[in-house]
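Topology and contacts: notes
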Amino acid sequence: MIIIGNIKMNKTNTQVKDYIMKLLPRYEQGKHETILCLPYTSLTTAKFLLEGSGIMLGAQNLCDEEAGKNTGEISGEMLHDCGAGYVIVGHSERRAKYKENAKSINKKIKIALKNRLKVVFCVGESLAEKNLLKTFETLKTQIEDGLKGLYENELENIIIAYEPVWAIGSGKTPLSKEIEASIKAIRKVIANDFSDKAAQKIEILYGGSVDNKNCSSIAKIKEVNGLLIGGACLDAINFSQLIKDVKA
Ligand code: PEP
């Protein structure tokens, strides 16, 4: 199982230090592949604190250009240099609040890969799309736009996170059979556009209101290779318990 904690814009560098110091003694190394996606300002600190712990470091976004005149942005190269091995791309908050479009997401994925960052590529339908029975159509478009121009071997460095927009932070989750069907639909798109082998190999996580109560049952759903956690990772003790509760 891959378990990713997305801290979002929630902790200062000092608070991240405190968080990691609480998390590490409670973390059982080797059980899951755990990735902590932190604010840019704490990446360097976290790199040193997490060394040898088995917990990997990720960022939450990157610029869609490689370098240069982009005041306030962060490049893939900078993230890699700070110790990040992963980066989230296409999170629904960025698509909605910061108007990230398909072209920009595709560029970000390519730049991340070029800079040796594994990509956690988020896709998911809105409530309106779900109600219009357009979930699979939305997923197909988002996957095809995001992965346009990639070679099959590059998929080894992509993790897909299926995150229905309406489930994020809402306390609502899809039915198990809906999660299974959506992930199957994603694999079908990968099979069509790349190969059956790539579709079986690619790791697909579920994210959206996963908490300490539902984590085990969601992790057991066929097709789910891991979990992306927002709110429930903010408390280190809570998050370490959640990691323990998910069966390997
Ligand atoms: C997220 O924002 O990616 C997420 C999964 O959040 P939450 O767990 O809080 O729904």
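Going by the structure above, here's the rest.
Here the structure is a predicted model, which means the values were calculated and not measured.

**Quick look at the pattern of salt bridges**
Within the structure shown, the criterion is met by 10 salt bridges. Among the ionic pairs, lysine 22 bridges to aspartate 18, the shortest N-O distance being 3.4 Å. Of the two residues, lysine 22 and aspartate 18 are both situated in helix H1 (residues 13–23); the distance of 4 residues between them amounts to about one turn of the helix. Look at lysine 22 and you get partly exposed, because its relative accessible area is 36%. A single salt-bridge network, built from bridges that share partners, covers Arg94, Glu100 and Lys108.

**Overview of the pairing of strand S7 (residues 203–207)**
Counting buried positions along S7 yields 4 of 5 residues, so the element is predominantly enclosed. Pairing of strand S6 (residues 158–162) with S7, which is carried by 4 bridges, proceeds in the parallel orientation. From the neighbouring strand, alanine 161 faces S7, where its bridge partner is leucine 205.

**A word on the packing of aromatic side chains**
The geometry of an aromatic ring pair comes down to the distance between the two centres and the angle between the two planes. Inspection of the entire model under this criterion finds 1 aromatic pair. The side chain of lysine 47 reaches across the aromatic face of phenylalanine 48, ending 5.7 Å from its centre.

**So, the state of the cysteines**
Enumeration over the complete set of coordinates arrives at 0 disulfides. Cysteine cysteine 37 shares no disulfide, and the gap to the nearest cysteine sulfur, in cysteine 233, comes to 8.8 Å. In this structure cysteine 37 comes out as buried when scored by relative accessible area, which is 0%. This cysteine, cysteine 215, is not joined by any disulfide, and cysteine 233 carries the nearest cysteine sulfur, 13 Å off.

**Structural notes on the site of the ligand**
Among the 13 residues in the neighbourhood of the ligand, the closest are listed as Lys8, His91, Glu163, Gly169 and Ser209. Separating an oxygen atom of the ligand from a side-chain N or O atom of lysine 8 is a distance of 2.5 Å. In this structure, glycine 169 approaches the ligand through a main-chain N or O atom, which is 2.7 Å from an oxygen atom. Protein contact buries 95% of the 290 Å² of open area that the ligand shows by itself. In terms of residue class, the shell around the ligand is built from 4 nonpolar, 6 polar and 3 charged.

**A closer look at H1**
Taken as a whole, H1 has its buried residues at Val16, Tyr19, Ile20 and Leu23. For H1, the arc enclosing every buried residue in end-on projection is 95°, short of the 170-degree limit, so these residues lie on one face. Facing away from the buried side of H1 by over 90 degrees, the exposed positions are Thr14 and Met21. Those residues of H1 that are buried lie in contact with strand S2 (33–37), helix H2 (43–50), strand S3 (55–59) and helix H11 (236–245).

Analysis parameters
- Residues numbered from 1 in each chain as written.
- Predicted model: local features only at pLDDT ≥ 70, side-chain atom pairs only at ≥ 80, totals over all residues.
- Heavy atoms only, no water.
- Salt bridge = Lys/Arg side-chain N within 4 Å of Asp/Glu carboxyl O.
- Helix = DSSP H or I, 4+ residues; strand = E, 2+ residues; numbered from the N terminus.
- Buried < 20%, exposed > 50% of the residue type's maximum accessible area, 1.4 Å probe, protein only.
- Pairing = 2+ DSSP bridges.
- Phe/Tyr/Trp six-rings, centres within 6.5 Å; stacked < 30°, edge-to-face > 60°.
- Lys NZ or Arg CZ within 6 Å of the ring centre and 35° of its normal.
- Disulfide = S-S within 2.5 Å.
- Near = heavy atom within 4 Å.
- Polar contact = N/O pair within 3.5 Å; in protein donor to acceptor, adjacent residues only side chain to side chain.
- Areas by Shrake-Rupley, 256 points an atom, 1.4 Å probe, with all protein chains shown as cover.
- Nonpolar A, V, L, I, M, F, W, Y, C, P; charged D, E, K, R; others polar.
- Arc of directions from axis to C-beta.
- Contact = heavy atoms within 4.5 Å.

Honestly, that's just the spatial picture; any functional story needs more than this.
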